[in-house]
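# Residue-level structure breakdown
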Protein chains: 2
Amino acid sequence: MELEKEIAWKITPDEKHRQMVEKVVSDLMKRIRTTITDYEIPLEPRLVGSVAKDTYLPYPDIDIFIMFPPFIERKDLEKIGLDIGKKVLNGEQRYAEHPYIHGQIGGFEVDLVPCYKVLDPCNIKSAVDRTPFHTEFIKKHLKEEQKVEVRLLKQFMKGIGVYGAEAKIQGFSGYLVELLILKYSTFISTIHAASSWKFGETLWLENRSESQFKDPLIFYDPVDPFRNVASPVSVDSFARFIYASREYIARKSERFFFPRKRKQWKIKEIRKCIEKRGTSILVVAFNRPEIVDDDLYPQIRKTEEGIANLLREHDFVIIDKNSCANKRILIAFELESINLPFAKRHSGPPMWIDHSKRFLERWRGGRGFSEPFIDGGRLVVIAKREYCHALSLIEEKIKCTSLGKDFRELPFRTYSGKMVFRREFKGILTMLLDKRMPWEI
Amino acid sequence: MELEKEIAWKITPDEKHRQMVEKVVSDLMKRIRTTITDYEIPLEPRLVGSVAKDTYLPYPDIDIFIMFPPFIERKDLEKIGLDIGKKVLNGEQRYAEHPYIHGQIGGFEVDLVPCYKVLDPCNIKSAVDRTPFHTEFIKKHLKEEQKVEVRLLKQFMKGIGVYGAEAKIQGFSGYLVELLILKYSTFISTIHAASSWKFGETLWLENRSESQFKDPLIFYDPVDPFRNVASPVSVDSFARFIYASREYIARKSERFFFPRKRKQWKIKEIRKCIEKRGTSILVVAFNRPEIVDDDLYPQIRKTEEGIANLLREHDFVIIDKNSCANKRILIAFELESINLPFAKRHSGPPMWIDHSKRFLERWRGGRGFSEPFIDGGRLVVIAKREYCHALSLIEEKIKCTSLGKDFRELPFRTYSGKMVFRREFKGILTMLLDKRMPWEI
């Protein structure tokens, strides 16, 4: 337990830090209260999230909701909400499902979010309306001594890279961490439980609905049992948390909470590694579209998967792939080979199937490298491959595969061979080749 | 009908040819009758096969059976049978299921085969005992005017390469051809019927058994309905006969009966063709084992399939393959590539399966090109490929795959790259690259 105590000591905000946070919050609330009097609507600012619940890690995001009565129309809520936000924060407008204002005050990230004040969390009018109920639920049920357990679990998840429900991470939200501690009481018992979780692991506190979720992890929301709090957790985050839990049990280490930074490989190291493997690298680089991360990352994943499908459909063997968003969006593939022979075997129907006549019409008379022949009763032909090089395939056919919607018209460039050994690609190629887990670095 | 009349005229033995055949047969029968008096057993020589049935094509094999009473022991039948055969023919001993003597007389191939004279073909004591019943059945039921139809169908099958039940061809026996004419009456109506045969096509004359055969073509033997006369017909011969029938209906031509000889390609042509395709050729050459064709060809096929499986299991992509028996047994493969990169993706179990622990133990700590990582919830590692070149794979691992039994200890050599462009391989490589059907040449 020594290690966890030490970590707890490091991550629990001290009195001075608490005072800083409280000062920022009370200043903000004051400013908001003054501002809302300009409007002839009963508005109520509400501190929510980890600061309200006292489960935050140092330098938390400060989330303040401005609660509107339900009779206000959606477009007015948005307009007035942003208006107040701008006056209070002088920040920038952001969109999740729902617009809000993001700004910085005294070194803290602040979100000012308009929402509806509803009576029952099952009758919400916008996606964020549930949050105040979550905050109340945790404030009511989480015991004082469990707060440190929440903080430990958050830091652990942060260290291994699965903390956060946002699209970039697809991991565990703060609220889910709190529910896990309510469920399992302590950090270490959560870790022990997770080490033997199975796909579809289903958890709840008191009441659960009959809803059937298909997610890797299911935690019925105590304030709305028709919702799965763990729905943002991707199968990879789920698996990584299981893996890290097992490893932590086997060999406790600070590295799980505070991993070392992964060092970027030098161009020479990357080149040597690829040479040893005898494989080919292909990078597709898109200009970065101007959209928020929660829109961007799902689109990157879709684009990555779309290009991967295009490659697979044309017989390229993908060993691994990865993507990242820098100045440009980079999607990298490691292929067994960047080119394929001109000839490929193309199997048709068995001779006794009607369709065989069409196959013969199509392929007879020198359309392929061979005339159609019979093998195992089936018609077969040695056909000419349409695309022998992965670059020309992508350059000519990328529009025929499914891409993120903002990527469809985006300028892009493709790189292979020596062209991939450039400074800009050091990061993504390091990620592609160095597969150590964060705690193994 | 003009074409078929013309063909019929060419392939029906004329009076002079008939007299030659009859002379050889009567001389042989005389010699046999004289010889068998040396033995104190009632023996009976019997002319069987196409000569007996008058359905033969010019220069037929002459088959004479020496019928033994059933009380003679098998080993005595074999001993005496071979003894008589040698005295009469001075030929060489051959084995099918069953030893017999093969020789040549007056330009004709002759088989002298000992068999048991049984009363009922369902109670045969050796595989060949059924043949005299087949001969009697056809002599009794085939009408005079149908003999020319049998000859046309035989010549057609010969031309397209599916005539003969022997292991080398895996096609239609003479008896099966005769049954098809009894079934469909004429050559042309057989062709029309065959053009729409389906896999598992089931035919019979009057009586059929309940036996369920799984062959591509089933023809219940009228003298033993528990036997499928078409069981030697491979799926490729079956499909080829369907194909040729359709083509013949669409465009009648002498070429189906008398195809042109396929010209061997020149080394230069072979090399050019391979270069255009961008593929790799691999040839495995075995010393020829000293066994009869009916033993040899199944073993060649088994060996070809065994090597193909070995290649596939190690990720080599086979475009096409072929084999032939010359001075050496040659098995040729056209591969997408003769070598593969050193690295390969190796997928393990999902993280939540117990087996994941064994996977991690096995692969952690630099056993592969990467540490194990998670993709789609599964453990994955970039592994080192065991065999990157098809030649080294075959040279080192051929014993680990299933080969024909006489091939297991046989010396062999492998060839790839420029080494395959040699005179000895012209035949097999022509077969591999020139896929025209016999009638298309």
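Residues numbered from 1 in each chain as written. Chains lettered and ligands numbered in written order. Predicted model: local features only at pLDDT ≥ 70, side-chain atom pairs only at ≥ 80, totals over all residues. Heavy atoms only, no water.

Now for the pairing of strand β9 (residues 280–287) of chain A. Residues and elements named next belong to chain A. Among the 8 residues in β9, 7 count as buried, and that is most of the element. Pairing analysis gives 8 bridges linking β9 to strand β11 (residues 328–335), with the strands arranged antiparallel. Paired with Asn 287 across the bridge in β11 is Arg 328. (Buried < 20%, exposed > 50% of the residue type's maximum accessible area, 1.4 Å probe, protein only. Helix = DSSP H or I, 4+ residues; strand = E, 2+ residues; numbered from the N terminus. Pairing = 2+ DSSP bridges.)

This brings us to the relation of the copies chain A and chain B. Superposing chain A onto chain B requires a rotation of 180° together with a translation of 0.0 Å along the rotation axis, leaving an RMSD of 0.1 Å. Put plainly, the chains are arranged around a two-fold axis. Every residue of chain A has its C-alpha some distance from the rotation axis, and the shortest such distance is that of Ser 337 of chain A, at 5.2 Å. A shared binding surface is used by both copies, with 100% of the interface residues of chain A retained as interface residues in chain B. (Least-squares fit on C-alpha atoms with pLDDT ≥ 70 in both. Contact = heavy atoms within 4.5 Å.)

Residue and element names in this part refer to chain B. Pairing in this open sheet of 3 strands is antiparallel, and the strands run β12-β14-β13 from one edge to the other. Looking at the sheet topology across the chains shown, the edges are occupied by β12 (343–350) and β13 (373–375). Shown here is a sheet whose adjacent strand axes are inclined to one another by a mean of 40°, direction ignored. The pairing of β13 with strand β14 (residues 378–384) spans 3 bridges and is classified as antiparallel. Each residue of the ladder has a partner; that of Phe 373, found in β14, is Val 380. (Axes fitted to C-alpha atoms, helices over the stretch in contact; angles between N-to-C directions.)

We now examine helix α8 (residues 187–194) of chain A. Residue and element names in this part refer to chain A. The buried fraction of α8 is high, at 6 of 8 residues. Of the residues making up α8, those classed as buried are Phe 187, Ile 188, Thr 190, Ile 191, Ala 193 and Ala 194. Along its buried surface, α8 packs onto α1 (2–11), α6 (147–160), α7 (174–184) and α9 (235–250).

It is worth spelling out unusual backbone geometry at this point. Unusually for a residue other than glycine, Asp 54 of chain A sits at a positive phi of about 55°. Topologically, Asp 54 of chain A is positioned in the loop between α3 (49–53) and β2 (62–68).

Applying the stated criterion across every chain yields a total of 71 salt bridges over all chains. Residues participating in the shared-partner salt-bridge network are Arg 18, Asp 54, Glu 144, Lys 147 and Arg 151 of chain A. (Salt bridge = Lys/Arg side-chain N within 4 Å of Asp/Glu carboxyl O.)

Listed per partner, the contact involves 48 residues of chain A and 48 residues of chain B. Taken over both partners, the interface formed by chain A and chain B buries close to 4200 Å², and the fraction arising from carbon and sulfur atoms is 61%. Linking chain A with chain B are 4 salt bridges, by the criterion used here. Here Glu 247 of chain A and Arg 364 of chain B are joined by a salt bridge, their closest N and O atoms 3.1 Å apart. (Buried area = accessible area lost by both parts, 1.4 Å probe.)

Shape descriptors only; they carry no functional weight alone.
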